[in-house]
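Reading the structure
Letter by letter, the chains look like this.
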Amino acid sequence: MPAAALRSGATADDLVTFVTMSESAVGHPFPPMSDRWAAILRGESPLRFAQRAGRRAFAIAPGSMRCKLCNAPFTGPSAAAFKLCGYGQSRKNPQLCARCVESAPEGGAVVPLAILFADMRGYTSLTERLGSIEATALVNRFYEVASKAFLPFEGLLGQIAGDEVMVIFVPGLAGGSYRAKAVQAGLSLLDAAGYGKSTPSWVDVGVGIASGEEFVGNVGGGGFKDFTAIGDVTNTAARLTSVAQAGEIVLDAVTHDAVVDDYPAAERELLSLKGKGTAVEAFRLRLG
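Predicted model only: the values in this text are computed from it and were never measured.

Concerning the state of the cysteines
Under the defined criterion, the tally for this structure stands at 0 disulfides. Cysteine 100 takes part in no disulfide bond, and the closest cysteine sulfur to it belongs to cysteine 97, at a distance of 3.7 Å. Take cysteine 100: its relative accessible area is 7%, and that puts it in the buried class.

Here you go:
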């Protein structure tokens, strides 16, 4: 799959195929693994001397809001100069700077994570019924509401394609409760969409969440790269989203184990998912 396919909004299966093809074509793992990315995403390893020195240097510049990783200021008299140098707020998460995420070198690490997909239901029929302009306005509203719902829980925006949003939760940013935060983020989106209220929701949304370990980092080729997660966890989360009803979150067993005490009403189910050789244990959770 060429890099142009990544730009056009590839599916989780396409991304897995891309990595597999790259490995066989060049004879070594792709993308490159990085100790720096492992330290950032896992939150386990101490920063290297150069990174610690950089944080101390950036701390001299005044500012009330800073990148959680490098300490670059987002506010204050020097913020504009830092932004010109590429240290403006990341589009993946405004608590981080672009230099630490999407503008960072290609590569990544295999880390624990939770992947959340949120999908608008009936997008094709909506575009037919509303027309191009109205449908675009609705999708843009969905993106904006989803971002506001997810980012307080320290998720990183992955792929945004058509009617679907992907968010990555890693312990290096969201802490040890990254799986619980993924569930909280999903519930926050459903609440913002109007579920659990006396009035109907303004958009139909289904959410799927899966947890495990897989590659996270910057991938790409031909001069293009993007920050995302690739592997079976991403594929499972996408498949769970496809079977979620409107106003519902479908969790895999690993995610549910981390939040079972908080959501005892979640309904267990064995699901036959596309691409899976065996049934997947899942749990359905509805707001309220």
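Quick look at the packing of helix α7 (residues 132–150) against helix α9 (residues 178–192)
Contact pair α7 / α9: the axes reach a minimum separation of 8 Å and the direction vectors enclose 140 degrees. Between α7 and α9, the interaxial angle falls into the category oblique. Considering only the axes of α7 and α9, their crossing is right-handed. For the pair α7 and α9, the contacting residues are Phe142, Val145, Ala146, Ala149 and Phe150 in the first and Ala185, Gly186, Ser188, Leu189 and Ala192 in the second. Per-class residue counts for the contact of α7 with α9 are 8 nonpolar, 2 polar and no charged.

Some details on the environment of phenylalanine 142
Structurally, phenylalanine 142 can be placed in helix α7. Considering only alpha carbons, one finds phenylalanine 142 and methionine 120, 22 residues apart in sequence, at a separation of 8.2 Å.

Rules of the game
- Residues numbered from 1 in each chain as written.
- Predicted model: local features only at pLDDT ≥ 70, side-chain atom pairs only at ≥ 80, totals over all residues.
- Heavy atoms only, no water.
- Disulfide = S-S within 2.5 Å.
- Buried < 20%, exposed > 50% of the residue type's maximum accessible area, 1.4 Å probe, protein only.
- Axes fitted to C-alpha atoms, helices over the stretch in contact; angles between N-to-C directions.
- Helix = DSSP H or I, 4+ residues; strand = E, 2+ residues; numbered from the N terminus.
- Parallel < 35°, antiparallel > 145°, perpendicular 65-115°, else oblique.
- Left-handed = near helix turned anticlockwise from the far one by under 90°.
- Contact = heavy atoms within 4.5 Å.
- Nonpolar A, V, L, I, M, F, W, Y, C, P; charged D, E, K, R; others polar.

Geometric descriptors of this kind do not, in isolation, establish any biological role.
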